[in-house]
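Letter by letter, the chains look like this.
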Amino acid sequence: MDDRYAMDETPRQVNAVADNNNSVSRAADFTVRARRVQADTFTQSVSVRGRTQAVRHVDVRAETAGRVVATPVARGARVEAGDVLCEIAVDNREADLLEALSRREQARLEYEGGQDLQRRNLQSQISVAQLKAAYDAASAAVSRAELALARTRVTAPFAGIMESRAVEVGDYMDMGGQCATLLDDQPMLLVALVPEQDVGKLRPGSEVTGTLVTGERVQGKLTYISRVADNISRSYRIEVELQPGTAIRQGISTEVLITANDTRAHLVPPSSLTMDDEGMVGVKTLDRDNRVEFHRVRIVGESTRLDSPGFWVSGLPEEVTLITLGQELVFPGQQVNANFDWAQR
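Below: a short report on this structure. Keep in mind it's a predicted model, so treat the numbers as computed, not measured. The residue count restarts for each chain, going from 1 along the sequence in the order it is written. The model is predicted, so local features are restricted to residues of pLDDT at least 70 and side-chain atom pairs to those at 80 or more, both for listing and for counting; the totals for chains, interfaces and linings are taken over all residues. Based on all heavy atoms of the structure, the side-chain values leave hydrogens and waters out of the count.

### Side note on the pattern of salt bridges
Stated formally: Counted as salt bridges are all cases of a side-chain nitrogen of Lys or Arg within 4 Å of a carboxyl oxygen of Asp or Glu. Counting from the N terminus, the helices are the DSSP runs of H or I reaching at least four residues and the strands are the DSSP runs of E reaching at least two. Accessible area is worked out with a 1.4 Å probe on protein chains only. A residue is then buried under 20% of its type maximum, exposed over 50%, and partly exposed in between.
For the coordinates displayed, the defined rule picks out 20 salt bridges. We note a salt bridge from Glu112 to Arg108, for which the minimum N-O separation is 2.8 Å. Within this pair, Glu112 and its partner Arg108 are both found in helix H1 (residues 93-119), separated by four residues, close to a single helical turn. The salt bridge partner of Arg296 is Glu278, with a shortest N-O separation of 2.6 Å. Of the two residues, Arg296 is situated in strand S16 (residues 292-296) and Glu278 in the loop between strand S14 (274-275) and strand S15 (281-286); the sequence distance between them amounts to 18 residues. Assessed through its relative accessible area of 61%, Glu278 is described here as exposed. When salt bridges that share partners are traced, they join Arg75, Arg165 and Glu168 into one network.

### Points about the environment of Gly333
Stated precisely, the cut-off is as follows: We call two residues contacting when some pair of their heavy atoms lies within 4.5 Å.
Tracing the backbone shows Gly333 in the loop between strand S19 (319-325) and strand S20 (337-339). Sequence-wise, Gly333 and Leu286 are 47 residues apart; in three dimensions their C-alpha atoms are separated by 9.4 Å. Not counting the four nearest positions on each side in its chain, Gly333 is found in contact with Arg291 and Val292.

### A short note on the state of the cysteines
Applied cut-off: Two cysteine sulfurs form a disulfide in these notes if their separation is within 2.5 Å.
Applying the stated criterion to the full structure yields one disulfide. The disulfide that involves Cys86 links it to Cys179, with 2.0 Å between the sulfurs. Its S-S torsion of about 90° marks the bond between Cys86 and Cys179 as right-handed, since a negative value means left-handed. Placement of the pair is Cys86 in strand S5 (residues 84-88) and Cys179 in strand S9 (residues 178-195), with a sequence separation of 93 residues. Judged by relative accessible area, Cys86 falls into the buried class, the value being 0%.

### Quick notes on the packing of aromatic side chains
Rule in force here: We call Phe, Tyr and Trp rings a pair once their centres come within 6.5 Å, taking the six-membered ring for Trp, and we label the pair stacked below 30 degrees between planes, edge-to-face above 60, and tilted otherwise.
Taken as a whole and judged by the stated rule, the model has two aromatic pairs. Relative to Trp312, the ring of Phe42 lies with its centre 5.0 Å away and its plane at 20°, an arrangement referred to as stacked. Taken together, the residues span a long stretch of sequence, with Phe42 in strand S2 (residues 40-61) and Trp312 in strand S18 (residues 310-314) at a distance of 270 residues. Summarising the burial analysis for this pair, Phe42 and Trp312 share the class buried.

### Things to note about helix H2 (residues 125-150)
Cut-off, in case you're wondering: For a helix, the expected span equals 1.5 Å multiplied by the residue count minus one.
Helix length check: H2 (26 residues) gives 38 Å between terminal C-alpha atoms against 38 Å at 1.5 Å per residue, within 8%. Buried residues of H2: Val128, Ala138, Val142 and Ala145, and no others. Contacts made by the buried residues of H2 are with H1.

### Some words on the environment of Arg217
Structurally, the position occupied by Arg217 is in strand S11 (residues 217-225). Residue Arg217 is classed as exposed on the basis of its relative accessible area, which comes to 56%. Taking the C-alpha atoms as reference points, Arg217 and Asp96, separated by 121 residues in sequence, lie 57 Å from one another. Setting aside residues no more than four positions away along its own chain, Arg217 makes contact with Thr209, Gly210 and Thr211.

### With respect to the packing of H1 against H2
Put simply, the rule is: Note on method: axes are straight lines fitted to C-alpha atoms, helices fitted across the in-contact stretch only, with angles between N-to-C directions ranging 0 to 180 degrees. Angular relationships are summarised with four words: roughly parallel below 35 degrees, roughly antiparallel beyond 145, roughly perpendicular across 65 to 115, and oblique for the angles in between. Should the near helix be turned anticlockwise from the far one by less than a right angle, the crossing is termed left-handed; should it be turned clockwise, right-handed. Ten residues, namely Ala, Val, Leu, Ile, Met, Phe, Trp, Tyr, Cys and Pro, are considered nonpolar, four, namely Asp, Glu, Lys and Arg, are considered charged, and the remaining ones, Gly among them, are considered polar.
In the contact formed by H1 and H2, the axes pass within 8 Å of each other and the chain directions differ by 160°. Between H1 and H2, the angle is such that the two are roughly antiparallel. The handedness of the crossing between H1 and H2 is left-handed. Across the contact of H1 with H2, the residue classes break down as 15 nonpolar, five polar and nine charged.

### Digging into the pairing of S11
Side-chain direction in a regular strand flips from residue to residue, so the side chains alternate between the two faces of the sheet. The test is simple: Note on pairing: DSSP must find at least two bridges between two strands before they are called paired.
Here strand S10 (residues 207-212) runs beside S11; their pairing, made up of five bridges, is antiparallel. When the bridges of S11 are listed, Glu207 appears paired with Lys221. Taking the residues that link successive antiparallel strands as the turn, the S10-S11 hairpin has four residues, and the phi of Gly215 there is positive, at about 95°. The sheet contact formed by S11 and strand S12 (residues 235-242) spans five bridges and is antiparallel. Its bridge partner being in S12, Tyr224 is matched across the sheet by Glu239.

### A word on the sheet that holds strand S6 (residues 153-155)
In a beta sheet, neighbouring strands are held together by backbone hydrogen bonds and run either parallel or antiparallel to one another. Sheet architecture is open: four strands sit in the order S6-S5-S3-S8, paired in antiparallel fashion. With one partner strand each, in any of the chains shown, S6 and strand S8 (172-173) form the two edges of the open sheet. In this sheet, S6 lies alongside S5 in antiparallel orientation, the contact comprising three bridges. Across the sheet, residue Val84 finds its bridge partner in S6, namely Thr155.

Right, dumping it as structure tokens:
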């Protein structure tokens, strides 16, 4: 057999050190820095990327066909509900209305004459009913002629900004053809997609702060949370209604910060976080006898204030004695000394 694979038969020596060996310092002689931390109410927030959007953005279309004879509103101008955006040539519509009015007047006189004859038993009820039908038909023709004439004026359905115009004077517009695009910017909205793991934290009416890429900050309230997730991203659409009078453009990228649930949590310094043997994040604390305990925690938020930076964590008792320095050198169950004079503020 190759000597390289031969077992080493040289006897090995193992030295054992007793627990009470004076050469080993006692665990209780080890001092850690500690501070008492009280739970407080922390308002969770959800941060997502979104964009600004008008509450309504519609294409205003014609309900009749004809030649465009006027476009009285300039692009980008603000309009009120009922303002004319495009005007179509009247052509023979006004003449049709005059004809319908004359026929209605004729039918009215014939109907009233028939009623008078019926009261004197000189006209049958059937004849009077026929005259009544003719009068109603003439009245309906007048309504149709008035509507056809009114539809030559394409008006704004609501107050807003005329974003674009699709036709010019001289163009022929078919029925259903686009006249202009109208933007309702009062109020403006913030729209975003919230991940499925965060959507359960949101409630309608929550306060929302938006930071635009331009640096401008806007305020609003959460008004809509979708009940159906996007098929691709598995996220849920939300809408935030901004405060009235907020004058911003549509489509600006925005960092949306939404106020979510209130929870009890502890504010701990980042240096106090450590991990156990299973890789779970937690903190080490001291019990009444100054014995070290490990508590797994969940980070629910972050404080960026200069006077109290740190992480908000949940999973701890209401009040704990937190080890802030030396936690990496002690183990659960170990008894140590706690120095509160060094407590970080």
